[in-house]
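Working through the structure, step by step
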Amino acid sequence: MSTSQRLQLSVENMSCASCVGRVERSLTAVPGISDVRVNLASETVQAEVDTPDRVAAAVAALDRAGYPARTKSVRLNVTAMTCASCVGRVDKALAAVPGVQSVNVNLASETATVTYVEGSVTLSDLLQASAAAGYPAEPAADTAPEDRGARKAGEAHAWARKTAIAAALALPVFILEMGAHIVPGMADLIERTLGHQTSWVIQFLLTTLVLVWPGRSFYTKGFPALFKGAPDMNSLVAVGTAAAYLYSLVALFAPTLLPEASRAIYFEAAAVIVVLILLGRWLEARAKGRTGAAIQKLLRLQARTARVLVDGEPQDVAIEKIHVGDILVVRPGERIAVDGEVSEGHARVDESMITGEPVPVAKTTGDAVTGGTVNGAGAFQFRATRVGADTTLAQIIRMVEEAQGAKLPIQGLVDRITLWFVPAVMAIAALTVIVWLLLGPSLSYALVAGVSVLIIACPCAMGLATPTSIMVGTGRAADMGVLFRKGDALQQLTDVTVVALDKTGTVTEGRPALTDLVLAEGFDRAEVLALVAAVEAQSEHPIAEAIVRAGKAENVTRHPVDDFTSVTGYGVRAQVAGHDVLIGADRLMTREGIDASALVAAESHLAEQGRTALFAAIDRRVAAVIAVADPVKPASAAAIRALHDLGLKVAMITGDKRETAEAIARETGIDHVIAGVLPDGKVAALDELRGAGQHIAFVGDGINDAPALAHADVGIAIGTGTDVAIESADVVLMSGDLRGVVNAFAVSTKTMRNIRQNLFWAFGYNVALIPVAAGILYPAFGLLLSPVLAAGAMALSSVFVLSNALRLRRVRPAMSEATPAQPTSHLSPAPAQ
């Protein structure tokens, strides 16, 4: 019987009939793929595949041909996951769907992020695969963080109710059975009043209610998973408590089937185990709700309505109905609804939600404002520039969500172990029972040991160890203005040994000022400044802005410009008022064959003072040396000292001359300088720094920093920089200086330490207590762990891991605005001369 099916894929990069032919040939060459039809207009390809497994081969063939299949990602809310083994099974089930490229399952957030080949997989395929594995799923809505908080609160309430009911039913059972063993004279009292048999019957009835009412979910989930050959934590609880319960039933109703020495009941063990595990689930649900508090807090920053000018009159409008270009009115104390630009009025705005710093920022006409920030005492109007999913706050929420759902490299080992952990535990429990039956004093001892092994070894703590710390750590980092766009940067930062810094806008303010204009003989200052300012007005470089501002300040003549050309890495040239004007570094003069020797000494002297010096040539004669200084940011020196205190080396990569760069390095304490680097040379500079085994973090903010940010082991973008740089980075700093870098390293170090503590506890707990539960201490000390104590220890391990992760909420910034900053010295801009 044929199993062939029709496959449709969406393909990138097709632009002509030749592309169609290449796509068709690449797929036809794959065995098992036939009847290939390529549609250039819709950019799709259809083909017949003999088995679903051919999807991967088709995708690989398209990649090799240079026409990759488009992929999509979907986030699912997955229910019924309780431990690390569940994570492995959901991952395996979703990854097995033909066309799925990658799966990331997060136990702490109870989500799965699936990337799949567009057209080869439907959402229903993924939902069916997850449900078939025993873990029903649904698409995560856009408001998932808020919904999740409410959902976790509802779950916690449900677990609390179940715990209360189970505890009320189990307490009499515990008193009747354990009281008879512990309290002197109580056994006789029970015998005289209720009678031995009646006491056992009461325990049977109450325990049955515990198991079939509040504890029912353990059996409805655990046994089906066991029968499918994929046991999980529920299976361990179900098998353990069912064994204790059934053994007690035999002892109560058919005692002759057991040796007289083994006629004992363990109803209290089954009942109390359920109570303790329900209690653990309740505490887990409460703690899990708090791990996502950072995103819920960010969502609460979003305004629901705003006052929009409609025909000159302010009207309250829902946030969803605001459009780019709308004029919004902000009154004192109100939250700004969307990103925009002030068009009228002035105010001081609290931007701590994006920068982590509480000092209000003055805003006036032309200044940018950010949605979610809070207006102070003034009132103003602003024009909306970014709305909906494009606002800064929406992007922050998206970054934090992605980071919180990340799977760190350290988690891979945990997943491989836990996938086989539960079957291994069941095998150990079975072996324990066999050994006790062969060597132990009675059947009841074998039961106690086997049940204890099953109950104590639940791998909840292992599954929660990493994701909970990531969720809390990245959330706390966001509060400080540090956004981990890629969660694995948390782990990678701990391996970094060298921090490489871009200079302009990173170490320095990025707003240079003209400090010197040294003229060659025969040239007039006003004329030269007018020509140079006219050319630089066509450029967006910060140095050009400084020259233009100086020209405006001196009220020089404004000339029209023709034939403006930017020579990347060298400078600019243009025709101005009939003159050929060149402005750039000494290498531009050399390249153009212009003799600059008359001003070389002046240029070197200015560079030694930490100024950026450029030559200007007019009509192929050197006319002037222009000196510009870019002041060092006040916090740079203190931040670099803090990085040194962390054991890190600090380097600076700049296109400036070495003399200028080394002057800045001396002021700030930078260890190593790579100067004179062209924009496309920063990647090579990173390779030079990387050397043998060094791990590099690169910090930058400009468009020309994007390749270096992507090439570094960890790219850190100053959030005040360009969108291109931010999109290339692993970490984004919403504040505008290097203190955020120190905070990023601090959060990374503390989060990874927290993860290792959790993993040590989770694995150490199982390694230490499984042998104790199996009875290893009995031959030497006569000690055998009670199943009730095993259940308590198991619940405690998960609560410990979650509580330890929640400690990250109290992490303080390593550097804040209150941290003393080194004042700038000779790099402060001087008045234009």
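Residues numbered from 1 in each chain as written. Predicted model: local features only at pLDDT ≥ 70, side-chain atom pairs only at ≥ 80, totals over all residues. Heavy atoms only, no water.

Moving on to the sheet that holds strand β1 (residues 5-10). The sheet built from 3 strands is open, its strands ordered β1-β3-β2 with antiparallel pairing. Lying at the two open borders of the sheet, with one neighbouring strand each, are β1 and β2 (33-39). Averaged over all pairs of adjacent strands, the angle between their axes in this sheet comes to 20°, without regard to strand direction. Of the strand pairs in this sheet, β1 and strand β3 (residues 44-49) are connected by 6 bridges, and their pairing is antiparallel. Pairing of Arg-6 across the sheet is with Glu-48, part of β3. The sheet strands contacting helix α2 (residues 54-65) are β1, β2 and β3, and the helix crosses β1 at an angle near 35°. (Pairing = 2+ DSSP bridges. Helix = DSSP H or I, 4+ residues; strand = E, 2+ residues; numbered from the N terminus. Axes fitted to C-alpha atoms, helices over the stretch in contact; angles between N-to-C directions. Contact = heavy atoms within 4.5 Å.)

The next subject is helix α17 (residues 460-479). Over its 20 residues, α17 runs 29 Å from end to end, which matches the ideal 28 Å to within 8%, given 1.5 Å per residue. Taking the largest bend as the criterion, α17 deviates by roughly 30°, centred on Thr-466, and proline Pro-467 comes between one and four positions later. α17 sits mainly inside the fold: 19 of its 20 residues count as buried. Within two residues after α17, Gly-481 carries a phi angle of roughly 85°, on the positive side. (Expected span 1.5 Å × (residues − 1). Bend = angle between axes of the 7 residues up to and from the residue. Buried < 20%, exposed > 50% of the residue type's maximum accessible area, 1.4 Å probe, protein only.)

So, on to the sheet that holds strand β25 (residues 649-653). Sheet architecture is open: 7 strands sit in the order β17-β29-β28-β27-β18-β25-β26, paired in mixed fashion. The sheet is open, and its two borders are formed by β17 (482-484) and β26 (672-674), each paired with just one other strand. Averaged over all neighbouring strand pairs, the angle between strand axes comes to 20°, with direction disregarded. The pairing of strand β18 (residues 498-502) with β25 spans 5 bridges and is classified as parallel. Its bridge partner lying in β25, Asp-502 is registered against Ile-653.

To continue, consider the side chain of Thr-466. Assignment of secondary structure puts Thr-466 in helix α17. Excluding residues that lie within four positions of it along the chain, Thr-466 makes contacts with Ile-410, Gln-411, Ile-755 and Leu-759.

So, on to the UniProt feature "transmembrane region" (unreviewed entry) in the chain. The sites that UniProt annotates as "transmembrane region" (unreviewed entry) are residues 164-186, 198-215, 236-258, 264-283, 417-439, 445-466, 759-778 and 784-806. This span, residues 198-215, is 83% helix and 0% strand, and a straight line between its end C-alpha atoms measures 24 Å. Helix makes up 85% of residues 759-778 and strand makes up 0%, while its end C-alpha atoms are separated by 28 Å. (UniProt positions renumbered as here; feature names shortened; annotations may be inferred.)

Turning our attention to the packing of aromatic side chains. What describes a pair of aromatic rings is the distance from one ring centre to the other and the angle between the planes of the rings. Enumeration over the complete set of coordinates arrives at 13 aromatic pairs. The interplanar angle of 25° and the centroid separation of 6.4 Å between the aromatic rings of Phe-204 and Tyr-245 together place this pair among those described as stacked. Pair noted here: Phe-204 is in helix α7 (residues 196-212) and Tyr-245 is in helix α9 (residues 233-253), with a separation of 41 residues, a long-range link. Each of the two residues, Phe-204 as well as Tyr-245, counts as buried. Here Phe-204 and Phe-267 contribute two aromatic rings whose centre-to-centre distance is 6.0 Å and whose plane-to-plane angle is 55°, an arrangement assigned as tilted. Of this pair, Phe-204 sits in helix α7 while Phe-267 is found in helix α10 (residues 267-291), placing the two residues 63 residues apart along the sequence. Judged by relative accessible area, which is 17%, Phe-204 ranks as buried. Three or more aromatic residues link up through ring pairs in this structure, and these residues are Phe-204, Tyr-245, Phe-253 and Phe-267. Stacked on the ring of Trp-159, the Lys or Arg Lys-162 has its end atom at 4.8 Å from the ring centre. Sitting above the plane of the Tyr-570 ring, Arg-587 keeps its charged end 6.0 Å from the centroid. (Phe/Tyr/Trp six-rings, centres within 6.5 Å; stacked < 30°, edge-to-face > 60°. Lys NZ or Arg CZ within 6 Å of the ring centre and 35° of its normal.)

This next bit is on the environment of Arg-286. Structurally, the position occupied by Arg-286 is in helix α10. Residue classification places Arg-286 among the partly exposed residues on the basis of a relative accessible area of 41%.

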